[in-house]
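The residues making up each chain are set out below.
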Amino acid sequence: PFGHDLTSAQQLCDDLGAVFSEDFLYRIDHYLAKEIVQNLFVFRFGNIWLEPIFNNLYISNVRITFKEDFGTEGRGGYFTNYGIIRDIMQNHLMQVLSLMAMEAPPAIRG
């Protein structure tokens, strides 16, 4: 989450804007930078055998499961302040869902 709420998020944007122009800012959630999430993009769009059948004609549902075999491991304070639902479900799982459901981009550069 970027800030605690809308007001703090706007303040963070204002603070960044006071130092950098928008052309020099790139906002990305740390989860999208994880290798396994980046691999989803390649798996989804980089396999010519998979792409033709990865659509609503052949897939009836998608199930995304969040499972950790460990506790908060020192992140308890973070989850107390920001909430695990807001961080994991609202952000990370929706990001994975969007990668799975999105249309193919016109070009992939990397």
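Please read all numbers here as calculations on a predicted model, not as lab measurements. (Residues numbered from 1 in each chain as written. Predicted model: local features only at pLDDT ≥ 70, side-chain atom pairs only at ≥ 80, totals over all residues. Heavy atoms only, no water.)

Account for the overall build of the protein chain, naming residues and giving values.
Within the protein chain, the regular secondary structure consists of 4 helices and 0 strands. Counted from the first residue to the last, the protein chain has its helices and strands arranged as α-α-α-α. For the protein chain, the proportion of its 110 residues judged to be buried stands at 19%. When contacts within the protein chain are restricted to residue pairs at least 6 apart in sequence, long-range pairs at least 24 apart make up 66% of them. Working note: accessible area of the protein chain is about 8,800 Å², and carbon and sulfur atoms make up 59% of it. (Helix = DSSP H or I, 4+ residues; strand = E, 2+ residues; numbered from the N terminus. Buried < 20%, exposed > 50% of the residue type's maximum accessible area, 1.4 Å probe, protein only. Contact = heavy atoms within 4.5 Å. Areas by Shrake-Rupley, 256 points an atom, 1.4 Å probe, with all protein chains shown as cover.)

Give me helix 2 (residues 35–45): which residues, what numbers.
Within helix 2 the residues assigned to the buried category are Val37, Arg44 and Phe45. One face of helix 2 carries all of its buried residues, which in axial projection span an arc of 80°. Across from the buried face of helix 2, at angles greater than 90 degrees, the exposed residues are Glu35, Ile36 and Val42. (Arc of directions from axis to C-beta.)

Explain a nonpolar patch on the surface to me, using residue names and the numbers behind them.
The grouping of Val62, Ile64, Met94 and Leu97 at the surface amounts to a nonpolar patch, some 320 Å² of accessible area in total. In this fold, Ile64 is placed in the loop between helix 2 and helix 3 (76–82). The class for Ile64 is partly exposed, based on a relative accessible area of 30%. (Patch = residues over 30% accessible without salt bridge, like charges linked within 9 Å, V, L, I, M, F, W, Y side chains within 5 Å. Salt bridge = Lys/Arg side-chain N within 4 Å of Asp/Glu carboxyl O.)

Explain the side chain of Arg44 residue by residue, including any values.
Topologically, Arg44 is positioned in helix 2. Its relative accessible area of 5% is what places Arg44 among the buried residues. Here Met100 takes part through its backbone oxygen, which lies 3.1 Å from a polar atom of the side chain of Arg44. In terms of polar contacts, Arg44 uses its side chain to reach the backbone carbonyl oxygen of Met102, at 2.8 Å. If we skip the residues at most four places from it in the chain, Arg44 touches Leu50, Glu51, Phe54, Leu99, Met100, Ala101 and Met102. (Polar contact = N/O pair within 3.5 Å; in protein donor to acceptor, adjacent residues only side chain to side chain.)

Please provide a residue-by-residue account of the confidence of the model for the protein chain, values included.
Chain-level statistics for the protein chain give a pLDDT mean of 76 and a share of 69% at 70 or above. Within the protein chain, helix 3 has the poorest average pLDDT of any element, 63, and helix 1 (residues 6–19) the best, 90. (pLDDT = per-residue confidence, 0-100.)

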